[in-house]
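Residue-level structural notes
This is what each chain is made of:
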Amino acid sequence: VTVIDEEGCTISENIDVTSTDVPELTITTQDVSCYNGSDGFATVSVSGGTSPFNFQWSNGQDSPTIANLIAGEYIITVIDAANCQVDGQVEVISPDEITFDYNVTNLDCPGLSTGSIVGDALGGTPPYSYQWSNGIITSSLNNLSEGNYALSVVDENSCQANVEFIVSTLST
């Protein structure tokens, strides 16, 4: 750099200007496994910039990895040693609640086995495993007599939901 003043005096200095890379973020996540769960996590890795790095998540945590997360959006702010700041955002997703879409057909007459419970589970993370209180492992039951039938459904993530159906007689 050369500076010349009003009187023509000159001074020159060599200045080294160094440039550091701006930090770049790579964020990986694990979504929540079950509805209303809290087992999600997010991890940020930094390339470029000048270490050490300061991490600040919107939930108050200050490490590269945050765990035990519920579904929602999380913002990460990373500041490097050169005071360069970069922000990132991640969304942790939850599967829908396991619900049941079933129709019950009651008996026409007492003593018959003409009842049925037909339908499927919804939500969660398919595929599903079905376990009925009578030992059947399909999604629907047919040729049922009067009584209570409990169903337990487990999805791909081992999330479980239970429901009970009543098959009764229409006429007495």
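The structure contained in this document is the topic of the report that follows. (Residues numbered from 1 in each chain as written. Predicted model: local features only at pLDDT ≥ 70, side-chain atom pairs only at ≥ 80, totals over all residues. Heavy atoms only, no water.)

1. Concerning the overall build of the protein chain
In plain terms, the rule: Here a strand is any run of E in DSSP of at least two residues, a helix any run of H or I of at least four, and the numbering for each starts at the N terminus. Just to be clear, the radius of gyration here is over C-alpha atoms, and the globule rule we use is 2.2 Å times residues to the power 0.38. Per-residue accessibility, obtained with a 1.4 Å probe over protein chains only, is compared with the maximum for each type, and a residue is labelled buried under 20%, exposed over 50%, and partly exposed between these values.
Per the secondary structure count, the protein chain includes zero helices and 14 strands. Over its C-alpha atoms the protein chain spans a radius of gyration of 31 Å, topping by over 25% the 16 Å that the globule rule assigns to 172 residues. The dimensions of the protein chain, computed from C-alpha atoms along their principal axes, are 115 × 25 × 25 Å. Expressed as a percentage of its 172 residues, the buried residues of the protein chain come to 27%.

2. Focus on the sheet that holds strand β8 (residues 85-92)
Strand pairing in a sheet takes place through backbone hydrogen bonds and is either antiparallel or parallel in direction. Heads up, the rule is: We treat two strands as partners when DSSP finds at least two bridges between them. Convention adopted: a line fitted to C-alpha atoms gives each axis, helices being fitted over their contacting stretch, and angles between N-to-C directions are expressed from 0 to 180 degrees.
One open sheet accounts for three strands, arranged β5-β7-β8; its pairing is antiparallel. Two strands bound the open sheet, and with one partner strand each, they are β5 (54-57) and β8. On average, each strand axis in the sheet is tilted by 20° relative to the strand beside it, whichever way the strands run. Sheet topology note: the β5/strand β7 (residues 72-79) ladder contains four bridges and is antiparallel. Counted as the bridge partner of Asn54 is Ile79 from β7.

3. Side note on unusual backbone geometry
Cis geometry marks the peptide bond from Ser51 to Pro52; its omega dihedral reads 5°. Tracing the sequence through the fold places Pro52 in the loop between β4 (40-47) and β5. Cis geometry marks the peptide bond from Pro126 to Pro127, where omega comes out at 5°. Notably, Asn143 is not glycine yet its phi reads approximately 55°, a positive angle. Within the fold, Asn143 resides in strand β12 (residues 141-144).

4. Considerations on the packing of aromatic side chains
Note the cut-off: Planes of paired rings set the category: under 30 degrees apart is stacked, over 60 is edge-to-face and the rest tilted, where pairs are Phe, Tyr or Trp rings (Trp by its six-membered ring) whose centres lie within 6.5 Å.
Tallying each qualifying case throughout the model produces five aromatic pairs. Seen in terms of ring centroids, Phe100 and Tyr102 are 6.3 Å apart; in terms of plane orientation they differ by 45°. Their pairing is tilted. Given a relative accessible area of 24%, Phe100 falls into the partly exposed group. The interplanar angle of 40° and the centroid separation of 5.9 Å between the aromatic rings of Trp132 and Phe165 together place this pair among those described as tilted. On the criterion of sequence distance, the pair formed by Trp132 in strand β11 (residues 129-132) and Phe165 in strand β14 (residues 160-167) is long-range, its members being 33 residues apart. Ring pairs connect the aromatic residues Phe100, Tyr102, Trp132 and Phe165, which therefore count as one cluster.

Scope: geometric values only; no functional claims are made or implied.
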